Amino acid sequence: MDALRWGLLGTAQITRRLIPAIRANRRSVLTAVGSRDASRAEAYARQWGIPHAHDGYARVLDNPAVDAVYISLPNSMHAEWTLAAIDAGKHVLCEKPLVLDPEDVDRIAHKAQTRAVTVSEAMMYRHEPLTARAVRFAREHAVGPPRSISAGFTYQQSRAPDVRLDPALGGGSLWDIGCYAVSYARLLAGEEPEEVFGWAQWTPSGVDESFTGLMRFPSGVVATIHSGFRTAYRTWVELAGEDGVMRVPNPFKPGTREDIELQRQDVARRVAVEGSLELFVREVADFVASVQDGRDPVVSLTESQGNAAALQALHESARMGKPVSVRQRGAPPLA
Ligand SMILES: NC(=O)c1ccc[n+]([C@@H]2O[C@H](COP(=O)([O-])OP(=O)(O)OC[C@H]3O[C@@H](n4cnc5c(N)ncnc54)[C@H](OP(=O)(O)O)[C@@H]3O)[C@@H](O)[C@H]2O)c1
């Protein structure tokens, strides 16, 4: 089968990490890049040796030499450009969060099915063997039946201006990195939360610079999630079970070898898991396999919708100052 021909929408910082991963994939070739600014597209194409530079994202979608697009635009633009790409018959790997409104996933799923294209949210940690091992431990009750989960991601957000600080672009720490904590907690719980409570610290511009959330799952498992832009870099995932605790100290950007710590009563053990030589390589490989081999994407649209529903409910709760049922998706926007 011919190599999958990729086009990039935008010249985002993160794209520098995806380009080597696309090029490391023997069934992929990078063909095009589009930017709001034609000269930026041309400079970027020269810098990275990309054959086609386009003035605007729509031109990438019009290019018949592009089979799939990688979308790394500001969060508020993900749903719109995913839908436009599907209309143009392109497969889509879209950065997290795929949508800010879970109902947009219904539109995306319907169109993707009609046009027979693959759409998947770029949630890199989901492709790593470390994650699969931690999930297996949870399912096997390695620390007993699960009772509570804690997951978080913080770092010092020092870029300014930055898309993460603009509420109109889907900014804020919850959408940016809290999405990972919520995703991992749902994955370990193996179910969707019923009710959430959120508490945020807001910037004057109106985005959350830190977010703490509680999620209650139908089985009785509870999860605490945290994200923040004003705390030193730290990531963590912990699952407390009836008999002990499982810790994943480096869950979201695993290195070539990472430990999972399992503590049952007085016995502690570390299980080493081999990772990837380069991050994003497995994400690209899994996406190409779903397009070319017809495999289900690792991150399904149902999974993305569940994450967006939980995130949206957490936001709503923080704004209202009271718990929110995750099913209240059709609630009117808050003033
Ligand atoms: N998976 C990961 O590990 C990871 C890491 C970082 C970021 N991300 C995700 O990737 C996306 C981009 O993040 P980033 O930090 O790389 O962003 P960024 O460097 O600010 O890039 C965003 C790009 O979007 C385009 N754009 C269109 N309208 C814009 C506007 N009004 N303001 C600013 N840029 C606009 C710009 O490209 P042109 O000007 O060329 O059109 C810009 O280069 C986000 O969704 C983020 O969540 C993922």
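Every chain is numbered independently, its residues counted from 1 as its sequence is written. In keeping with the predicted nature of the model, local features appear solely for residues at pLDDT of at least 70, side-chain atom pairs appear and are counted solely at 80 or more, and the whole-chain, interface and lining totals rest on all residues. Excluding hydrogens and water, the side-chain values take into account all heavy atoms of the structure.

**Student:** Is there a simple way to explain unusual backbone geometry in this structure?
**Tutor:** Note: most peptide bonds trans; most residues except glycine with negative phi. Here the amide bond leading from K96 into P97 is cis, since omega sits at -15°, within 30 degrees of zero. Going along the chain from the N terminus, every DSSP run of H or I of four or more residues is numbered as a helix, and every run of E of two or more is numbered as a strand. Here P97 lies in the loop between β5 (91-95) and α5 (103-115). Residue P161 follows A160 across a cis peptide bond; omega there is 0°. Residue placement: P161 occurs in the loop between β7 (146-156) and α7 (173-189). One non-glycine residue, A116, lies in positive phi territory at about 55°. Following the sequence through the fold, A116 ends up in the loop between α5 and β6 (119-122).

**Student:** Would you mind showing me how to read the packing of α7 against helix α9 (residues 301-320) here?
**Tutor:** Two numbers describe a pair of packed helices, the interaxial angle and the distance between the axes. To get an axis, fit a line to the C-alpha atoms, keeping to the stretch in contact for a helix; angles then go from 0 to 180 degrees between the N-to-C directions. Between α7 and α9, whose axes approach to 10 Å, the crossing angle comes to 120°. With respect to α9, the axis of α7 lies oblique. Viewed along their axes, α7 and α9 form a crossing whose handedness is right-handed. Across from L174, W175, G178, C179, V182, S183 and R186 in α7, the residues of α9 making contact are E303, G306, N307, A308, A310, L311, Q312, L314 and H315. Looking at the contact of α7 with α9 residue by residue, the classes come out as 8 nonpolar, 6 polar and 2 charged. Here is the rule for angles: anything less than 35 degrees is roughly parallel, anything more than 145 is roughly antiparallel, 65 through 115 is roughly perpendicular, and the remaining ranges are oblique. By definition, any crossing whose near helix is turned counterclockwise from its far helix by less than a right angle is left-handed, and any crossing with a clockwise turn is right-handed. Note on contacts: a residue pair is in contact if any heavy atoms of the two residues lie within 4.5 Å. In this count, Pro and Cys sit with the nonpolar residues alongside Ala, Val, Leu, Ile, Met, Phe, Trp and Tyr, while Asp, Glu, Lys and Arg are called charged and the others, Gly among them, polar.

**Student:** Explain α7 to me, please; I cannot follow it from the model alone.
**Tutor:** Because the α-helix completes a turn every 3.6 residues, residues three or four places apart line up on one side. Helices are assigned an expected span. That span is 1.5 Å times one less than the residue count. Between its first and last C-alpha, α7 extends 22 Å over 17 residues, near the 24 Å set by a 1.5 Å rise per residue. Maximum bend of α7: about 45°, positioned at C179. Only protein chains enter the area calculation, which uses a 1.4 Å probe; residues under 20% of their type maximum are buried, those over 50% are exposed, and those in between are partly exposed. For α7, the tally of buried residues reaches 17 of 17 residues, placing the bulk of the element in the interior. Trailing α7 by a residue or two, G190 shows a phi angle of about 75°, which is positive. Axes are fitted to the seven residues ending at a residue and to the seven starting at it; the angle between these axes is taken as the bend at that residue.

**Student:** Please explain a nonpolar patch on the surface as it appears in this structure.
**Tutor:** The grouping of F197, W199 and L214 at the surface amounts to a nonpolar patch, some 300 Å² of accessible area in total. Looking at the element boundaries, W199 is found in strand β8 (residues 195-202). Without a salt bridge and with relative accessible area above 30%, a residue can belong to a patch; like charges are then joined within 9 Å and nonpolar side chains (Val, Leu, Ile, Met, Phe, Trp, Tyr) within 5 Å. Note on areas: Shrake-Rupley, 1.4 Å probe, and residue coverage restricted to the protein chains presented here. Definition used for salt bridges: Asp or Glu carboxyl oxygen within 4 Å of a side-chain nitrogen of Lys or Arg.

**Student:** Can you help me understand the packing of aromatic side chains in this one?
**Tutor:** A ring pair, where both rings are aromatic, is described by two values, the distance of the centres and the angle of the planes. Ring pairs are drawn from Phe, Tyr and Trp, using the six-membered ring of Trp, whenever the two centres fall within 6.5 Å, and their geometry is named by plane angle: stacked under 30 degrees, edge-to-face over 60, tilted for the rest. The full count for this structure, using the stated rule, is 13 aromatic pairs. Measuring from ring centre to ring centre gives 5.7 Å for F153 and F252, while their planes differ by 15°; the resulting arrangement is stacked. Here F153 is found in strand β7, whereas its partner F252 is found in the loop between β12 (244-248) and β13 (257-264), with 99 residues between them in sequence. The exposure classification of F153 matches that of F252, with both residues buried. Ring centres of Y180 and F252 lie 5.5 Å apart, and the angle between their planes is 35°; this geometry places the pair in the tilted category. Of this pair, Y180 sits in helix α7 while F252 sits in the loop between β12 and β13; the two residues are 72 residues apart in sequence, bridging distant segments of the chain. Accessibility expressed as a relative area gives 14% for Y180, which makes it buried. Residue F252 is classed as buried on the basis of its relative accessible area of 2%. The positively charged end of R234 is found above the aromatic ring belonging to W236, 3.6 Å away from the centroid. Look at NZ for Lys and CZ for Arg. If either is within 6 Å of the ring centre and within 35 degrees of the ring normal, a charge sits over the ring.

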